[in-house]
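Okay, here's what each chain looks like letter by letter:
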Amino acid sequence: MDSCEVVHRKKAEVAVVRPRVPDHVEQFCPRHLDLGKVISLLEDPLTTNMLEKHIFVLKKLFKRKQQGFLLRELASISRIIKVCGEKADKQPEYCSILCEALNISRLPFLKEKVSDELNYAEDVKQFLSRMGYLMGVSDGEVRRKVVESVKSYFNCSSPSKPPLDGMVRPAKPKYRTLHYRNRFLLRPQPTSPGYRLQLLEHSDLAKTLFLSAAALEHQPAIKLLLLQTLQLLSSTSDMNCALMLSVRGAESVCLRLNEPDPSGLILFHSSEILWNLLECSNKAAVAAQLNNLECAISLKEAFNHALLNASRHVDLQIRNDLLVLATLFAENSCALLIESLFAKQLVALSTFPELKSSLVGDLKLTYNMEDLQMKKLLLNLLVVMSRDPATTPIFKEEQVILALLTLARPPAGPSEEKSGSRDWSYVQMEELQLQALAVLATVAPLMLDHYMACYGNVALLHLLDWCARQDGYCGQGHSFHATGGRGSKKAHMRYCIRLMRAVTSLDDKTLNQDLCDQGTIQLFLGLLMQMESSPGDEDAFTVEMKSDMQVILSALCESDMHRKELFGSEGVGMTVHFLKRGAGMFYSGLGHNKLLLATLMCVRTCIVGCCPTEDFFLAQDGVLVLLDLLSSSPKCVHSVVLATLLELCDNQNTIPHILSWSDGGGRTAPSLLLRLWRREEEELGVSRNHHGGITDPKQPILAHRKVDDAELMSTLDTASAAVLEMQENLLAKIYLIFCRIGFEDLPGLSVKDRVTLSIVKRYLDFKVSEVWDEISRELSLEGVRPVTPDQETLRIARQMSQRTAEEVVAEQEEILRQHAQEANKEEELMYEEMKSHWKQRQLTAKSWSNFVSKTSNYDILKEIKEKREKHMETIRTEPTEEDVAQRHEEVFIGKLMVDTDSDGRGSVNLKVVQTPVMAAAHEEVLLAPREPRYFNTVPVKD
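Computed from a prediction, not measured in an experiment: that's the story for all the values here. (Residues numbered from 1 in each chain as written. Predicted model: local features only at pLDDT ≥ 70, side-chain atom pairs only at ≥ 80, totals over all residues. Heavy atoms only, no water.)

Observations regarding the overall build of the protein chain
Basically, it comes down to this: Strands are runs of DSSP state E lasting at least two residues, helices are runs of H or I lasting at least four, and both sets are numbered from the N terminus onward. In this description, contact between two residues means that some pair of their heavy atoms is separated by no more than 4.5 Å. Only the protein chains shown count as covering a residue, and every accessible area follows the Shrake-Rupley method with a 1.4 Å probe.
On a plain count of helices and strands, the protein chain comes out with 47 helices and 4 strands. Excluding contacts between residues fewer than 6 apart, the proportion of contacts in the protein chain whose partners are at least 24 apart in sequence is 76%. Carbon together with sulfur atoms contributes 54% to the accessible area of the protein chain, which is approximately 48,900 Å² in total.

Below, the structure written as structure tokens:
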């Protein structure tokens, strides 16, 4: 016994020292079934009918794979499943084997190496595709297992592994070699969670499952499970949606919306699949598949069923989802909805409960959030359907305008709501009212007769008056249309003004006259100045309302002189106020660019053409404000400002205002216009020298790059490029303004301005010559030779153009020469003045030196005294009047003063102003001989 115990201990010690064989080697290495032999057993003609042997081997095989399939075995497993699936319909015993294999396929695949996921990706795709093909087996259990297996792939938690009890374990090897550690992981590991779903997208599984739905007509439980799986597939992958669409999945689902459904869930899952196809795939492809009358009728029946039988929250959601699909129908082809009579029913439903219709029946709303969503979808559907003119008669028949105006009435306050009445809540009513106003802005212009018959202008002005009142209304501002209007009526006013802009833009005389008769012009002028009184509240929506109101005023006053008089001084004050704001916030992003353009349009349509209003605009310095705006605004505004100034120049009182303007730097209006001219020529690429003069007399105003454009346009059937160019740039407008103010005696022009002005003066001649050149090029390109008189006329026209350009060049050279001469004269006068100053300094220094020497040296003083006495003795005789005048004559030093003319032409007026020398040097000057004057007085030039 002791010896045995000792021997046993020695064996245990040896077992501890030896390396232990890993578990995965225990399971898969010894006595494992050879999958190749199993496949041969199933496919060999000699053994293909051994059913019992097949079942025994396959059960034994799948019993050993309860942990999951290895990636390297999937190709063989897929082949085995294929053979079993082919035999299952004739021999039902294989169905249990398939179910067992599908149960195992729900488990994660196992990898032995880290690189197995990449190496066996193609085998995984084939295996998943093979699973889908098993839906062709008629056995219901197999189909159920296929669908459940695919559905299990979307579970977040991996299914638990079956216990190991009862499993046949292979015998442990006696020894272990080290190369297993390098080839294998310690244990076969499951693949990553998203690995199988990622490869599922690249397989045919989604398409196969979708096609198999047609074979499940008599298996409703499995069909419902399949729809749930298809919903998961379509909601998680765009590629799966594309696969479904490749077999016309949208059309197939839509046509099966009304199949018998005891569970009541088929409609829900079908609508979810359609919704996923719309969101995750190509919307145009879905619309194309649904674009047939059968789908429209099927959708109509499904919507009616959901509308009348909706009681649960899920049913209400299905109803709204189907309404979204109806909107897609309307966007793609509204004609199908009209042919199926679905459009008429939807339009009638959109007017409920404001109006009663026989098409709606006994529908009752619970006024919950789902009903609110349905109402908003119906209102949105009206906008989509209005794009098709064929729906207009339906809108008129169902009185859509009346229903929308009823819905857009000023809302009742919370205190005015009737207790116990079932109706939209305070917040819901605000959302519907704003959306109704937005829909009216689209629908009302299509049916102006119905709009006027329903007194739409009265309703809008009543609503606008309510918006202007301060009654403590507090808007909720939760909906899309109420953005920016929380706590106020700003959103209501915004959409009301937008609706009025939409109807007035049609220029309907009856409608516009009705608005003016009800005081719309004065109302808008008051609202504009009221908004301007609180600039701190200005945001993008406020700026939009100001722009819209000015656009409405422009539409009302454009073609009627009496309305321009109604615009009057109050309107002029409003426009001048907005113009004085300038273009400082033009690029702020809040819409000030639109506001500025709307104000300029308001000046042109509401002020220009009415003499009293124009005179008041001039009295308010409106022209000066326009010139300030022209000087400081971006280039995109210059064309509108110049056009406004040009129209105002028809009034003779405008020209003095233009000539009197100057900016902070002293630039005058003509100088500003000439600067804009040079900038425009620079952008057009016109060749000019550094003085702004003409460099090429053959092309005085045409850019070289425009010659090719003119040749291209000549080949097309379009207007002349020279004529179109006048509409695109500012040159023509500037030329016409100079024609109004004149080309002579303009203030504040520099030499460069005068050179540019010589070109502006001949602009019309140059444009006429340019048109003649285009005619010649077109004729040459078309290969047409004019007759001799016409050819001579073209030659003379070209010569006249060149001669005119040469005359302008000569005029410009003369201007530069005169300027050079005047500059030289000014320079000479400056030097003479410098000489005079220097001589004066010398005489002053000499006078001071004589005075100092006389007072500091007694001998010099004595000598001067003796000279004086001798001089007095020589003139002791009786002095005459001339001698007295000469005695008292004082000596003065001349000083030059240069005076230029006020017109800036540079003419010089030279004056000599005499300054007395110091009294201390008077005696010395008397004794010294007189020196001649340095200058004679030059008379002042007129």
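Details of the environment of leucine 74
In this structure, leucine 74 sits in helix α5 (residues 74-88). With 35 residues separating them along the chain, leucine 74 and phenylalanine 109 place their C-alpha atoms 8.9 Å apart. Those residues in contact with leucine 74, other than ones at most four positions away along the chain, are Phe69, Phe109, Asp123, Val124 and Phe127.

Brief notes about unusual backbone geometry
Glycine aside, the phi torsion of most residues is negative, and most peptide linkages are trans. Where we set the bar: Exposure categories follow from relative accessible area, calculated using a 1.4 Å probe and restricted to protein chains: below 20% of the type maximum is buried, above 50% is exposed, and the middle band is partly exposed.
The omega torsion of the bond from phenylalanine 352 to proline 353 falls at 10°, within 30 degrees of zero and hence cis. Here proline 353 shows up in the loop between α21 (342-350) and α22 (369-385). In this model, tyrosine 367 sits at a positive phi of 60°, which is unusual for a non-glycine residue. Using a relative accessible area of 17% as the deciding quantity, one classes tyrosine 367 as buried. For tyrosine 455, which is not glycine, the phi torsion reads 55° and is therefore positive.

Quick look at empty space enclosed by the protein
The line we're drawing: Cavities and pockets were defined on a 1 Å grid built from protein atoms only: a cavity is a group of points that admits a 1.4 Å probe but offers it no way out, a pocket is an open group of points flanked by protein on both sides within 12 Å along at least five of seven lines, and a lining residue is one with an atom within 4 Å of any such point. Grid points are joined across faces, edges and corners, and a volume is the space filled by probe spheres set on the points.
In this structure the tally under the stated criterion is 4 cavities of 30 Å³ or more. Lining the largest cavity, in full, are Phe210, Ala213, Lys223, Leu227, Leu230, Ser252, Val253, Arg256, Glu259, Ile266 and Ser270. Listed by contribution, the elements that provide at least two residues to the lining of the largest cavity are α13 (220-236), α15 (249-255) and α16 (266-280). For the lining of the largest cavity, the element with the most residues is α13, which contributes 3 residues.

Digging into the pattern of salt bridges
Keep this limit in mind: When a carboxyl oxygen of Asp or Glu lies within 4 Å of a side-chain nitrogen of Lys or Arg, that pair is called a salt bridge.
For the structure on display, the rule yields 39 salt bridges. A salt bridge links glutamate 397 to lysine 344, with the shortest nitrogen-to-oxygen separation between them at 2.7 Å. Pair noted here: glutamate 397 is in helix α23 (residues 392-397) and lysine 344 is in helix α21, with a separation of 53 residues, a long-range link. Given a relative accessible area of 22%, lysine 344 falls into the partly exposed group. In this structure, glutamate 807 engages arginine 762 in a salt bridge whose closest nitrogen and oxygen atoms are separated by 3.6 Å. Here glutamate 807 is found in helix α44 (residues 788-856), whereas its partner arginine 762 is found in the loop between α42 (751-761) and α43 (763-781), with 45 residues between them in sequence.

Some remarks on helix α17 (residues 283-290)
For clarity, the cut-off: Arc, as used here, means the arc of the directions from the helix axis to the C-beta atoms. Whenever two N or O atoms come within 3.5 Å, that pair is a polar contact, provided that in protein one can donate a hydrogen and the other can accept it, and provided that, for residues adjacent in sequence, both atoms are side-chain atoms.
Burial in α17 covers these residues: Val286, Ala287, Gln289 and Leu290. The buried residues of α17 occupy an angular sector of 160° when projected down its axis, which confines them to one face. A side-chain oxygen of the first residue of α17 lies 3.1 Å from the backbone nitrogen of alanine 284; this N-cap is asparagine 282.

Examining the side chain of serine 203
Looking at where serine 203 falls in the secondary structure, it is placed in the loop between α11 (195-201) and α12 (205-211). Separated by 3.4 Å, the side chain of serine 203 and the backbone nitrogen of leucine 205 make a polar contact. Once residues within four sequence positions are removed from consideration, serine 203 is found in contact with Lys125, Leu128, Ser129 and Leu243.

Structural notes on the nonpolar core
Where a protein is soluble and globular, its nonpolar side chains tend to be buried together. Note the following rule: Side-chain atoms within 4.5 Å link the members of a nonpolar core, which is a set of buried Ala, Val, Leu, Ile, Met, Phe, Trp, Tyr and Cys residues.
With 232 residues, the main nonpolar core has Leu58, Phe62, Ile80, Leu322, Leu553 and Phe738 as its most contacted residues. It is helix α25 (residues 426-443) that contributes the most residues to this core, 10 residues altogether. Residue contacts for leucine 322: discarding those within four places in its chain leaves Leu257, Leu267, Ser271, Leu299, Ala302, Phe303 and Ala306.

Things to note about a nonpolar patch on the surface
Stated formally: Excluding any residue in a salt bridge, patches collect residues exceeding 30% relative accessible area, merging like charges within 9 Å and nonpolar Val, Leu, Ile, Met, Phe, Trp and Tyr side chains within 5 Å.
A surface patch of nonpolar side chains, amounting to about 320 Å² of accessible area, comprises Leu764, Val768, Trp772 and Ile775. Secondary-structure assignment places tryptophan 772 in helix α43. Taking the relative accessible area as the measure of exposure, tryptophan 772 reaches 33% and is therefore partly exposed.

Let's talk about the packing of helix α27 (residues 456-468) against helix α30 (residues 520-532)
We apply this condition: The convention used is that axes are lines fitted to C-alpha atoms, helices contributing only their stretch in contact, and that angles between N-to-C directions extend from 0 to 180 degrees. Convention used here: angles under 35 degrees read as roughly parallel, angles over 145 as roughly antiparallel, angles from 65 to 115 as roughly perpendicular, and any remaining angle as oblique. Note on convention: near helix rotated counterclockwise from far helix by under a right angle means a left-handed crossing. Clockwise means right-handed.
The geometry of α27 relative to α30 is characterised by a closest axis approach of 12 Å and an angle of 25° between their N-to-C directions. Between α27 and α30, the angle falls in the class roughly parallel. α27 and α30 meet at a crossing whose hand is left-handed. Of the residues in α30, those in contact with Leu461, Leu464 and Ala468 of α27 are Thr520, Leu523, Phe524, Leu527 and Gln530.

So, helix α24 (residues 400-407)
Burial analysis of α24 places 6 of its 8 residues in the buried class, which makes it a mostly covered element. Within α24, the full set of buried residues consists of Val400, Ile401, Ala403, Leu404, Leu405 and Leu407. Here the buried face of α24 lies against α21, α22, α23, α25, α26 (448-453) and α27.

Quick word on the packing of aromatic side chains
Defined as follows: To pair, rings of Phe, Tyr and Trp, with the six-membered ring standing in for Trp, must have centres within 6.5 Å; the planes then decide the type, stacked if under 30 degrees apart, edge-to-face if over 60, and tilted in the middle. By definition here, charges over rings are those cases where NZ of Lys or CZ of Arg is within 6 Å of the ring centre and within 35 degrees of the ring normal.
Scanning the entire structure with this criterion turns up 11 aromatic pairs. For the pair phenylalanine 69 and phenylalanine 127, a centre-to-centre distance of 6.1 Å together with 70° between the ring planes defines the contact as edge-to-face. With phenylalanine 69 in the loop between α4 (51-63) and α5 and phenylalanine 127 in helix α8 (residues 121-133), the pair connects residues that are 58 residues apart, well separated along the chain. One exposure class covers both phenylalanine 69 and phenylalanine 127, and it is buried. Both rings, one in phenylalanine 109 and one in phenylalanine 127, keep their centres 5.6 Å apart while their planes meet at 85°; by these two values the pair is edge-to-face. Remark: phenylalanine 127 occurs in helix α8 and phenylalanine 109 occurs in the loop between α6 (93-105) and β1 (110-111); sequence separation between them is 18 residues. A relative accessible area of 1% means that phenylalanine 109 is categorised as buried. These aromatic residues form a ring-pair network of at least three members: Trp677, Tyr735, Phe738, Phe743 and Tyr763. Lying across the ring of phenylalanine 109, arginine 196 places its NZ or CZ 5.2 Å from the centre. In this structure, lysine 489 packs its charged tip against the face of tryptophan 466, placed 4.4 Å from the ring centre.

Let's talk about the confidence of the model for the protein chain
In plain terms, the rule: Predictor confidence is given residue by residue as pLDDT, running from a minimum of 0 to a maximum of 100.
Summary statistics for the protein chain give a mean pLDDT of 82 and a share of 83% for residues scoring 70 or more. Considering each helix and strand of the protein chain separately, the mean pLDDT is smallest for helix α2 (residues 23-28), with a value of 36, and largest for α24, with 95. Below a pLDDT of 50 lies the segment residues 1-31, which in the model reaches 33 contacts outside its immediate sequence neighbourhood of four places, other chains included. Residue range residues 887-942 is modelled with pLDDT below 50. Its contacts to residues more than four positions away, or to other chains, number 77 contacts.

What about the packing of helix α31 (residues 540-557) against helix α33 (residues 592-606)?
To keep it simple, the criterion reads: Gly is put with the polar residues, along with every residue not named as nonpolar or charged; the nonpolar set is Ala, Val, Leu, Ile, Met, Phe, Trp, Tyr, Cys and Pro, and the charged set is Asp, Glu, Lys and Arg.
The interhelical angle for the contact between α31 and α33, taken along N-to-C directions, is 20°, at an axis separation of 9 Å. For the element pair α31 / α33, the angle class is roughly parallel. Note that α31 runs across α33; the crossing there is left-handed. For the pair formed by α31 and α33, the contact residues are Val543, Lys546, Ser547, Gln550, Val551, Leu553, Ser554 and Cys557 on the first element and His592, Lys594, Leu595, Ala598, Thr599, Met601, Cys602, Thr605 and Cys606 on the second. Looking at the contact of α31 with α33, its residues break down into 9 nonpolar, 6 polar and 2 charged.

Considerations on the environment of glycine 484
Position of glycine 484 relative to the elements: it lies in the loop between α27 and α28 (490-504). Classification of glycine 484 as partly exposed rests on a relative accessible area of 38%. With 58 residues separating them in the primary sequence, glycine 484 and threonine 542 have C-alpha atoms 9.3 Å apart. Among residues more than four places away in sequence, those in contact with glycine 484 are Lys490 and Phe541.

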